[in-house]
Amino acid sequence: MDLLFDPLFRLPFVAGLMAAIVVAITGLYLRLRAEWLAALGFAHLAGAGGVVGVIIGAPPLAAALGASVIAVLVKGALQRSGNDVYAWLILFGWAAMLIGATFTHHAKILGDALVDGQLYFAASAELWATLSIAAATAIALPLLSRSLLRSELFPGHDRTNGRPLWPVTVGFDLLAAVAIAVAALVMGVMAAFALVFIPAWIAFALAGSWRLAVLWSGLIAAALYTVSYVTALLADLPFAPVLVAIAAAAAPLRLLSKRLGPRPAS
Amino acid sequence: MQRNDPLLRITNLEAGYANPVIGPLSLSVHAGEVVGFTGPNGAGKSTVLRVLTGEARCFAGDLWLAPDTGVACQAQSPYQGGELPLCGGEVFRLMGASPEILPPALRHLLPLRIDRLSGGQRQSILVWSVLGHAGRLVLLDEPTNNLDATGRELLISGLRQLDTERGALVISHDADFVEQVCHRIIKLTPEGRPSEEIRLRQAA
């Protein structure tokens, strides 16, 4: 129990908590755009970038972020939305990550860390990365939110008024890609995916408005993360599988939507 | 911009996607008038609006919007009522519209999630939030889709009371609705050519 309050574990806890909340709120917008598979796509490509970084002697975090940015630019150039682009990123990133991990011992360690999630080894670089992306999200997402929502309900409205949509979508994709890449490096690919997908999935059912959905998503992610962190530490279990299992076990929360709010009109 | 200049002027427009599907077509929308655009399914009615949104290609002719007009655009949305935690009041805020424009009979919908409304109630929220947008040119594509008799009557009343500084282009296959709200109607043939222009009433 003393481990929970050990200063050594404060830094990874805070880094992971920031990443969890940011990717969960980002996940809400990815779900809005039917692009929730983005988490796995960006996470796998970030992993591949990190492994390639180790092989060529570049910092893994920077290489992972670089790979994510390249993925966003390629997606922007293809002018496609939806999950099919991310399916290709998953396949390509997974193959590159695992093949790359066979080349050097350090690359293999990083590859394993991305699969298992080595949250407790998060250092100050990861903490600064998560704080930076949290700050960027807090500033940029409120600016992008209205346009992202409007483009779903009123397609063409902004373009008709001389406001092209691509700066909004590319800006959001960059934010999501970097947030997911950082989360994947901090807590593992599948844990990052679970935090993108599950809090938003529950919030979509429970919240009575978009504003409340943002709140629900962040709170659910923070709660899932904290419970998983404590459970993994006390039971001496790897963090990522514990988080994924606890997040999956939270699925019945969606059933509360039957008790909350009005039902669809006939 | 001169007082008599139109808000929208289309001159000999031929538009489509891989190939032209509509035109040549000329029309204008002035402040104080509602222009209807009707025709059978597949005639290319929505293509005109898609030229404005950049989704369709202009092969020939010209499409001119008055500077600083501002456009309130309701294209046919891909959103068909899937799970979405967005309430009616938030839809109005997205368009910068005041909920006051919504007829009292529909105001109870504002706090409700739009995915938990009926198709007609949802359509009312979307169309009225567009009418509440500040743009002087209103573009409506099939605004009566899913509306019941009451919702339709309310919309007819709203369009008839449109501010005289604003103009509207209404695309619809609902001939009765178009006749009730429009000052002029342009009918399209199934091949996408204008067949006739009918003047129903004097613009304000």
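Remember, it's a predicted structure, so these values are computed and weren't measured experimentally. (Residues numbered from 1 in each chain as written. Chains lettered and ligands numbered in written order. Predicted model: local features only at pLDDT ≥ 70, side-chain atom pairs only at ≥ 80, totals over all residues. Heavy atoms only, no water.)

Engineer: Mind laying out the packing of aromatic side chains, listing which residues take part and the relevant values?
Structural biologist: To describe a pair of aromatic rings, one takes the distance between the centres and the angle between the planes. Residue and element names in this part refer to chain A. Scanning the model with the defined rule gives 12 aromatic pairs over all chains in all. Between the aromatic rings of Phe-204 and Trp-210, the centroid separation amounts to 5.9 Å while the plane-to-plane angle is 80 degrees, which identifies the pairing as edge-to-face. The pair formed by Phe-204 and Trp-210 is uniform in burial state, with each residue classed as buried. Judged by centre distance (5.6 Å) and plane angle (65 degrees), the ring pair of Tyr-225 and Phe-239 falls under edge-to-face. Taken together, the residues Tyr-225 in helix 10 (residues 210–235) and Phe-239 in helix 11 (residues 239–249) connect sequence positions 14 residues apart. As far as the burial class goes, Tyr-225 and Phe-239 line up, both buried. (Phe/Tyr/Trp six-rings, centres within 6.5 Å; stacked < 30°, edge-to-face > 60°. Buried < 20%, exposed > 50% of the residue type's maximum accessible area, 1.4 Å probe, protein only. Helix = DSSP H or I, 4+ residues; strand = E, 2+ residues; numbered from the N terminus.)

Engineer: Mind laying out the sheet that holds strand 6 (residues 137–141) of chain B, listing which residues take part and the relevant values?
Structural biologist: Two pairing modes exist for strands in a sheet, parallel and antiparallel, and in both the strands are linked by backbone hydrogen bonds. All names here are of chain B. Strand order across the open sheet formed by 6 strands is 5-6-7-3-8-9, with mixed pairing between neighbours. Edge positions in the sheet fall to strand 5 (71–74) and strand 9 (194–199), since each has one partner strand and no second. For this sheet, the mean inter-axis angle between neighbouring strands, taken without regard to orientation, is 15 degrees. As paired strands, strand 3 (residues 34–38) and strand 8 (residues 184–188) are joined by 4 bridges and run parallel to one another. Each residue of the ladder has a partner; that of Gly-36, found in strand 8, is Ile-185. This element, helix 1 (residues 45–53), spans strand 3, strand 5, strand 6, strand 7 (167–171) and strand 8 of the sheet and lies at about 135 degrees to strand 6. (Pairing = 2+ DSSP bridges. Axes fitted to C-alpha atoms, helices over the stretch in contact; angles between N-to-C directions. Contact = heavy atoms within 4.5 Å.)

Engineer: Would you mind going over the environment of Ser-257 of chain A in detail, with residue names and values included?
Structural biologist: Residue and element names in this part refer to chain A. Position of Ser-257 relative to the elements: it lies in the segment after helix 11. For Ser-257, a relative accessible area of 9% gives the class buried. Considering only alpha carbons, one finds Ser-257 and Arg-159, 98 residues apart in sequence, at a separation of 36 Å.

Engineer: So what's going on with the pattern of salt bridges? Which residues, and what values?
Structural biologist: Overall, the coordinates contain 12 salt bridges over all chains when judged by the stated rule. The partner of Asp-176 of chain B in a salt bridge is Arg-152 of chain B, with the nearest N and O atoms 2.9 Å apart. One end of the pair, Asp-176 of chain B, is in helix 5 (residues 175–181); the other, Arg-152 of chain B, is in helix 4 (residues 149–160), with 24 residues separating them in the sequence. Under the relative-accessibility criterion, Arg-152 of chain B is labelled buried at 16%. Via salt bridges that share partners, Arg-33, Glu-35 and Asp-173 of chain A belong to a single interconnected network. (Salt bridge = Lys/Arg side-chain N within 4 Å of Asp/Glu carboxyl O.)

Engineer: How would you explain the side chain of Asp-158 of chain A if you had to name every residue and give the values?
Structural biologist: Residue and element names in this part refer to chain A. Its place among the elements puts Asp-158 in helix 7 (residues 157–160). Within the local environment of Asp-158, its side chain forms a polar contact with the side chain of Arg-150, the two groups lying 3.1 Å apart. Filtering out sequence-adjacent residues up to four positions away, Asp-158 remains in contact with Ser-147, Arg-150 and Arg-163. (Polar contact = N/O pair within 3.5 Å; in protein donor to acceptor, adjacent residues only side chain to side chain.)

Engineer: Lay out the confidence of the model for chain B with the relevant residues and their values.
Structural biologist: Per-residue confidence for chain B averages 91 on the pLDDT scale, and 97% of its residues sit at or above 70. Least confident of the elements in chain B is strand 9 of chain B, whose mean pLDDT is 85; most confident is helix 2 (residues 88–94) of chain B, at 97. (pLDDT = per-residue confidence, 0-100.)

Engineer: Break down the pairing of strand 3 of chain B for me, with residues and values.
Structural biologist: Across the 5 residues that make up strand 3 of chain B, a large majority, 5, are buried. Both faces of strand 3 of chain B are covered, namely the face carrying Val-34, Gly-36 and Thr-38 of chain B and the face carrying Val-35 and Phe-37 of chain B.

Engineer: Quick one: what's the story with the sheet that holds strand 4 (residues 57–65) of chain B, residue by residue and with numbers?
Structural biologist: Residue and element names in this part refer to chain B. The strand order across the open sheet formed by 3 strands is 2-1-4, and the pairing between neighbours is antiparallel. At either margin of the open sheet sits one strand with a lone partner, and together these are strand 2 (20–29) and strand 4. Shown here is a sheet whose adjacent strand axes are inclined to one another by a mean of 10 degrees, direction ignored. For strand 1 (residues 8–16) and strand 4, the ladder comprises 7 bridges, and the chain directions are antiparallel.

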